[in-house]
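Secondary and tertiary structure notes
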Amino acid sequence: MITKSQLLEPLARLRTDQIVVTTMGVVRPWGRLSAHPFDFASADSAMGHAADLALGLALAQPQRRVICLNGDGSMLMTLGTFVTIVQAGARNLLLFVVENATYEITGNQPVPGAGRVDFAAMARAAGFARTFTFKEAEPYSTALPDLLALDGPVCVVVRTEHGHEPPMSRRPDEVPCLQRSLAEDARRLRAALLDATARRSETASPG
Amino acid sequence: MLTAARLVTELHRQCVTHVVGLPDNASAALFAALAHDEQITVVAVTREGEAFAIAAGLWMGGAKPVVLIQSTGFIESGDALRGCVTRLRIPLVCLLGYRGYRKLAAAGLRPSLELLTPANLSRPDQDSCALLFEPTLRAWGIPYDLLSSDHDLSRLTAAFDRAQAEETAVALLIVEDTE
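Residues numbered from 1 in each chain as written. Chains lettered and ligands numbered in written order. Predicted model: local features only at pLDDT ≥ 70, side-chain atom pairs only at ≥ 80, totals over all residues. Heavy atoms only, no water.

Observations concerning the overall build of chain A
Assigned secondary structure in chain A consists of 8 helices and 8 strands. Computed over C-alpha atoms, the radius of gyration of chain A comes to 16 Å, within 12% of the 17 Å expected from 2.2 N^0.38 for 207 residues, which places it in the range of a compact globule. Dimensions of chain A, computed from the C-alpha atoms along their principal axes, are close to 60 × 40 × 30 Å. Each of the 207 residues in chain A was classed as buried or not, and the buried ones make up 55%. Put simply, 73% of the contacts in chain A that link residues at least 6 apart link residues at least 24 apart. (Helix = DSSP H or I, 4+ residues; strand = E, 2+ residues; numbered from the N terminus. Rg over C-alpha atoms; globule rule 2.2 N^0.38 Å. Buried < 20%, exposed > 50% of the residue type's maximum accessible area, 1.4 Å probe, protein only. Contact = heavy atoms within 4.5 Å.)

Examining the overall build of chain B
Counting secondary structure elements, chain B contains 9 helices and 6 strands. A compact globule built from 179 residues should have a C-alpha radius of gyration of about 16 Å, and chain B, at 15 Å, falls within 12% of that. For chain B, the spread of C-alpha atoms along the three principal axes comes to 45 × 35 × 30 Å. Counting over 179 residues, chain B shows a buried share of 56%. Pairs at least 24 residues apart make up 75% of the contacts formed inside chain B by residues separated by at least 6 positions. Of the roughly 7500 Å² that chain B leaves accessible, carbon and sulfur atoms contribute 51%. (Areas by Shrake-Rupley, 256 points an atom, 1.4 Å probe, with all protein chains shown as cover.)

Regarding the sheet that holds strand 5 (residues 144–147) of chain B
Residue and element names in this part refer to chain B. As summarised here, the arrangement of the 6 strands in space is 2-1-3-4-6-5, forming an open sheet in which the pairing is parallel. Because the sheet does not close on itself, it has two edges, and the strands there are strand 2 (41–44) and strand 5. Strand-to-strand twist in this sheet, taken as the mean axis angle between neighbours without regard to direction, amounts to 25 degrees. With 5 bridges joining them, strand 3 (residues 65–70) and strand 4 (residues 92–97) adopt parallel strand pairing. Residue pairing for strand 4: V67 is matched across the bridge by C94. Packed onto the sheet, helix 3 (residues 48–60) meets strand 1 (18–21), strand 2, strand 3 and strand 4 and runs at close to 175 degrees relative to strand 3. (Pairing = 2+ DSSP bridges. Axes fitted to C-alpha atoms, helices over the stretch in contact; angles between N-to-C directions.)

Points about the environment of B:L92
Residue and element names in this part refer to chain B. The residue L92 is located in strand 4 in this model. Linking L92 and L68, residues 24 residues apart in sequence, is a C-alpha distance of 11 Å. In this structure L92 touches F52, A55, P65, V66, V67, V85, A163, T168, A169 and V170, once residues within four positions along its chain are discounted.

Description of the nonpolar core
Counting residues in hydrophobic clusters, the biggest one holds 74 residues, and the most contacted among them are A:L57, B:F52, B:M60, B:F74 and B:L96. Those residues in contact with B:F74 that lie beyond four places of it in its chain are B:F52, B:I69, B:L81, B:L96, B:F133, B:T136, B:L137, B:W140 and B:I142. (Core = buried A, V, L, I, M, F, W, Y, C linked by side-chain atoms within 4.5 Å.)

Some details on the packing of helix 3 (residues 50–60) of chain A against helix 5 (residues 80–88) of chain A
All names here are of chain A. It is at 10 Å that the axes of helix 3 and helix 5 come closest, and there the two elements cross at 5 degrees. Viewed along their axes, helix 3 and helix 5 adopt a mutual orientation that is roughly parallel. Between helix 3, through A51, D52, L55 and L59, and helix 5, the contact on the second element is made entirely by T81, T84, I85 and A88. Tallied by class, the residues present in the contact of helix 3 with helix 5 amount to 5 nonpolar, 2 polar and 1 charged. (Parallel < 35°, antiparallel > 145°, perpendicular 65-115°, else oblique. Nonpolar A, V, L, I, M, F, W, Y, C, P; charged D, E, K, R; others polar.)

Examining the interface of chain A and chain B
Across the boundary between the two partners, chain A contributes 27 residues, which contact 28 residues of chain B. For the chain A and chain B pair, buried surface summed over both sides reaches about 2100 Å², with 64% attributable to carbon and sulfur atoms. Interface area lost by chain A to chain B is led by A:T84, A:R187 and A:R190, which between them contribute 25%. Salt-bridge contacts for B:E167 lead to A:R187; the nearest nitrogen and oxygen are separated by 3.3 Å. Viewed at the interface, chain B and chain A are joined by 9 residue pairs in polar contact (both at pLDDT 80 or more). Contributions of two or more residues to the side of chain A that touches chain B are made by helix 3, helix 5 and helix 8 (182–204) of chain A. Broken down by class, the residue content of the side of chain A that touches chain B amounts to 15 nonpolar, 8 polar and 4 charged. (Buried area = accessible area lost by both parts, 1.4 Å probe. Salt bridge = Lys/Arg side-chain N within 4 Å of Asp/Glu carboxyl O. Polar contact = N/O pair within 3.5 Å; in protein donor to acceptor, adjacent residues only side chain to side chain.)

Written out as structure tokens, the structure reads:
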């Protein structure tokens, strides 16, 4: 099993200008590692839809890679999203399924099929050309630089230890990514992406 | 008559970039008209709740999406709409096929909370989704209008204006099949 730190710290070190969408049990740990303008915490929103939201971002920003750190309980809620992602042809989407086998932030109740469901096989069956499953930290951190460079959609299942994150709310004493309202955060990300896109256009066509 | 080609022209005029949804009889002609459109990309979903979260992501990424689904799928999508659109104040126009509208109109029924009795909701001559649709929209705080023919297409402009001004989802209910 991989700890959350072993999952997130190498990713935070390697991340450059990708959009990173987090949800549920990884929101706070990622928020402690990263305050990048292209981070978005799908928290206090609708459980099960972080991967859908990431797909929308990937389709709107095809020149930029999008990383979604989804949970296994969240993935089970919208398994059809595997099919939707492939159908949409989102080659810039890297979908992580953080498999801790529980609904962590509500108290680690087991998810249906815990330990038996093969998310990578489901993704392959839906048409993902590249799927990976990691159970140990070293092979994961070794493979990560290549995973981040692959054409997608890519599905990376990471079997992690149980965490103990309590329920989330958006308030001033939370990690920075939870200090703004969802509406404010959505506008902050949109502005940052539009600004980056405009800068890229200026660079591409000088004069 | 509600003409798919006219609707597409209006969507172009509004600079819509993506139509996210799942087809039904009412929208089939519209989806067909969009299939090879060069300005608008269709994103096909497997369940309607996905559409609202995808649309939210598209908007955050700088695109201008529209959701196109049937009323049954809309009712199924409650939490996705609440959590991914209303909560984020995404300006979003939703084109929603109004299943069962003709039977409702033929029986002279105007959807209301008072009509939502077990007896009415199990009537074999009515579609319970039609009885629930408008009360659900009202309960979820979604402003809406009807779209029954090409004469109503100005309502599309009004819907986009309202969605933008109030940072909300606005629904247009398609009561006739597009042709």
